[in-house]
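# Descriptive structure summary
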Amino acid sequence: MAIAETAPTAAAAPIIDAEEARRARNRRRERLGRWLMPLIVLVVMIFLWDRICVWNNIPHYILPRPGLVAETLWVDRLILFKALLITLRTTLLALLVAVIGGVGLAVLFTQSRLFEMSFYPYAVILQVTPIVAIAPLIFIYIQSKLIGMLLCAWIVAFFPVLSNTTLGLNSADHNLRDLFSIYGATRWQKLRYLQLPSALPYFLGGLRIAGGLALIGAVVAEYVAGTGGVGSGLAFTILESSYRLNIPRVFAALILIAAMGVVIFTVLSLFSHLLLRKWHESALKREG
Amino acid sequence: MTLQETGVAAETAAAQPAPLLSLDGVSKVFNGDLVALKGMSLDVFQGDFVSLLGPSGCGKSTALRLIAGLSHPTSGRINWAGGQDAGDLGVVFQEPTLMPWATVAQNVWLPWRLRGAKFAAMKPQIEEALALVGLEKFMDSYPRELSGGMKMRVSIARALVTNPRLILMDEPFAALDEITRHKLNNDLLALRAKIGCTIIFVTHSVFESVFLSSRIVVMAARPGRVIHEVAVDAPYPRGEDFRTSTDYAAHCRAASAALHDAIGD
């Protein structure tokens, strides 16, 4: 009788042992820490930066105080925003072309071993040659600055997409490959229903790397194109402002480039999570 | 219980109609000198449950790959009664081999999808195949949400969905725990009783082969070849009574003796 009376109460109360409670505490701490800790570090760094400027009487054309950089961000917002849009446009276009070119080449590589043997070494050579060494030549041979910049950014960005997608296309489960063969799948069906879905996590990993590299490529291209007297993106703004000793604006442009890189990475990570969240190990949450 | 020498297929064939599938002196040689399979002859009749039993390297899986058309014999012939079509075969591998990005229903739809059939048109067949393995309520689940045994059931449903003439099973329950394996053995026989399919089943387990099969083909390694055929003449349906019967034990002893012969003990 006593057991029957106490049973509902016992069932209603969740059983949490010490280990479970510690785990829950750690989870809460980690959720909070993920945002709070970088924020604290940022505030401390800005504070130190400001104090270093004040304590050492550093002039603003050498190292501006954070407040002045923030003020420049606001005062020069129209110039900076316009420059940001131009750099962003080059970056996104280059990323788009890198995706099309990288995935397209990867598909061709996996469809034809001969094609892969012929061209893969050149893709590697293109990747390992520093873009700053090639960029001046590109702007000599290509008249359109936009196409030149796109080409620079593409050269830097396409390889991770190509390399990862090729790996992914070749990583389809061998039993599934056999199954497709047994059921008489055509080459196109194997590619569409097996190889491309298998390659998706690899491609998305490459895409996240390519996003950052496309920005680097775009910035390098703007530097090189800018020295030729053309260009008005953020990199050119940095170049021009440094000539004029407008260091606050250099910092403002730098902050915008870094912020753009973070936003691109975040958006691509979110995109990746949305596509993989239902089935891929990398996007699944585990208990314990 | 009889322990028969190889080549006995001919004797069985004389008492039955034309075989659904026959292997006639099939050999497979890799790299010019590695004889994976030597002169295998086997007739499989409609409704047979044939187990290929033997040690690693005896050519069981090679034989299955040849039957599946994934590889071609170096010599000998494989004949299908009335010729072979892509829908004639259902295959279950050792791993569930499901597409992790697709739902259970989409996985089962695969054989039809590759033949150009739309999902909506095939939905009744997909539901029916999943109902046969008791997973009709999991159509929209992803493989990661299922247990090992459930994934294997999905794999079996996929093999059944085209209503194939022959199902090839390559050690399908080897990676499962003993309890799940036991249950799936029972379920497989129940399924077979319901739909009357013909099965070739590769296994390392004497007990599993005796419980499931009507015939056990015992193979030896180096070179891979058939050395005995053991007929398991216990009637179906088989359940727990059969597992604990003296008849089962006698068949296990006979299969075990044949296997020891194959291993060379």
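These remarks concern the structure in this document. Bear in mind the structure is a predicted one, so any value in this text is a computation, not a measurement. (Residues numbered from 1 in each chain as written. Chains lettered and ligands numbered in written order. Predicted model: local features only at pLDDT ≥ 70, side-chain atom pairs only at ≥ 80, totals over all residues. Heavy atoms only, no water.)

## Description of the overall build of chain B
Assigned secondary structure in chain B consists of nine helices and 10 strands. On C-alpha atoms alone, chain B measures out to a radius of gyration of 18 Å, which is about the 18 Å that the 2.2 N^0.38 rule sets for 265 residues. Along the first, second and third principal axes, the C-alpha atoms of chain B reach 50 × 45 × 35 Å. Put simply, chain B has 265 residues, and 54% of those count as buried. In chain B, the proportion of contacts linking residues at least 24 apart, taken out of those at least 6 apart, comes to 71%. Here chain B has roughly 11,200 Å² of accessible surface; of this, 52% comes from carbon and sulfur atoms. (Helix = DSSP H or I, 4+ residues; strand = E, 2+ residues; numbered from the N terminus. Rg over C-alpha atoms; globule rule 2.2 N^0.38 Å. Buried < 20%, exposed > 50% of the residue type's maximum accessible area, 1.4 Å probe, protein only. Contact = heavy atoms within 4.5 Å. Areas by Shrake-Rupley, 256 points an atom, 1.4 Å probe, with all protein chains shown as cover.)

## Overview of the packing of helix H6 (residues 131-141) of chain A against helix H7 (residues 145-169) of chain A
Residues and elements named next belong to chain A. Viewed as axis vectors pointing N to C, H6 and H7 meet at an angle of 155 degrees, and their least axial separation amounts to 10 Å. Of the possible angle classes, the one that applies to H6 and H7 is roughly antiparallel. Crossing geometry of H6 relative to H7 is assigned as right-handed. Listed contacts from H7 to Ile131, Ala135, Ile138 and Phe139 of H6 are Lys145, Gly148, Met149, Leu151, Cys152, Ile155 and Val156. A breakdown of the residues in the contact of H6 with H7 according to their chemical character gives nine nonpolar, one polar and one charged. (Axes fitted to C-alpha atoms, helices over the stretch in contact; angles between N-to-C directions. Parallel < 35°, antiparallel > 145°, perpendicular 65-115°, else oblique. Left-handed = near helix turned anticlockwise from the far one by under 90°. Nonpolar A, V, L, I, M, F, W, Y, C, P; charged D, E, K, R; others polar.)

## With respect to H7 of chain A
Residues and elements named next belong to chain A. Between its first and last C-alpha, H7 extends 35 Å over 25 residues, near the 36 Å set by a 1.5 Å rise per residue. A bend of about 35 degrees at alanine 157 is the largest found in H7, and the proline proline 160 appears one to four places after it. The buried count for H7 comes to 18 of 25 residues, which makes it a mostly enclosed element. (Expected span 1.5 Å × (residues − 1). Bend = angle between axes of the 7 residues up to and from the residue.)

## Describing the environment of methionine 99 of chain B
With respect to the helices, strands and loops of the structure, methionine 99 of chain B is situated in the loop between strand S6 (89-92) and helix H3 (104-113). On a C-alpha basis, the gap between methionine 99 of chain B and leucine 42 of chain B in space is 33 Å, while along the polypeptide they are 57 residues apart. In contact with methionine 99 of chain B, not counting residues within four places along its chain, are Leu176, Phe180 and Tyr193 of chain A together with Gln106, Asn107, Leu110 and Pro143 of chain B.

## Thoughts on the packing of H3 of chain B against helix H5 (residues 148-160) of chain B
All names here are of chain B. Remark: H3 packs on H5, axes separated minimally by 7 Å, with the N-to-C direction vectors making an angle of 35 degrees. The crossing of H3 and H5 is right-handed. Facing H3, whose interface residues are Val104, Asn107, Val108, Leu110 and Pro111, H5 presents Val154, Ala157 and Arg158.

## Observations regarding the sheet that holds strand S3 (residues 34-44) of chain B
Residue and element names in this part refer to chain B. The three strands are arranged S3-S2-S5 in an open sheet whose pairing can be described as antiparallel. Bordering the open sheet on either side are S3 and strand S5 (75-80), each of which pairs with just one other strand. Neighbour to neighbour, the strand axes of the sheet diverge by 20 degrees on average, direction disregarded. Where strand S2 (residues 21-30) meets S3, seven bridges bridge the pair, whose relative direction is antiparallel. Note that in S3 the partner of serine 22 across the bridge is aspartate 43. The strands that helix H2 (residues 60-68) touches are S2, S3 and S5; relative to S2, the one it contacts most, it runs at about 115 degrees. (Pairing = 2+ DSSP bridges.)

## Quick word on the pairing of strand S4 (residues 49-53) of chain B
Residue and element names in this part refer to chain B. Of all five residues in S4, five are buried, a share of seventy percent or more. Residue alternation in S4 divides its side chains into two sets, Phe49, Ser51 and Leu53 and Val50 and Leu52, and both sets are buried. As defined by bridge partners, S4 adjoins strand S8 (residues 198-203) across five bridges and the pair is classed as parallel. Looking at S8, one finds that leucine 52 is bridged to valine 202.

## Considering the packing of aromatic side chains
All names here are of chain A. According to the stated counting rule, one finds 13 aromatic pairs over all chains in the structure shown. With a centroid separation of 5.5 Å and an interplanar angle of 35 degrees, the aromatic rings of tryptophan 49 and phenylalanine 251 are classed as tilted. Of this pair, tryptophan 49 sits in helix H2 (residues 18-55) while phenylalanine 251 is found in helix H11 (residues 247-276), placing the two residues 202 residues apart along the sequence. Among the residues examined, phenylalanine 251 registers a relative accessible area of 22% and is labelled partly exposed. Here the aromatic rings of phenylalanine 158 and phenylalanine 159 are separated by 6.4 Å at their centres, their planes lie at 85 degrees, and the arrangement is edge-to-face. Overall, the relative accessible area of 14% leaves phenylalanine 159 in the buried class. (Phe/Tyr/Trp six-rings, centres within 6.5 Å; stacked < 30°, edge-to-face > 60°.)

## So, the pattern of salt bridges
Following the criterion strictly, the structure yields 16 salt bridges over all chains and no others. A salt bridge links arginine 65 of chain B to aspartate 178 of chain A, with the nearest nitrogen and oxygen atoms 2.8 Å apart. With one member in each of two chains, arginine 65 of chain B in helix H2 and aspartate 178 of chain A in helix H8 (residues 174-182) form a pair that bridges those chains. Here arginine 65 of chain B falls in the partly exposed class, since its relative accessible area comes to 35%. The exposure class of aspartate 178 of chain A is buried, given its relative accessible area of 12%. When salt bridges that share partners are traced, they join Glu19, Glu20 and Arg23 of chain A into one network. (Salt bridge = Lys/Arg side-chain N within 4 Å of Asp/Glu carboxyl O.)

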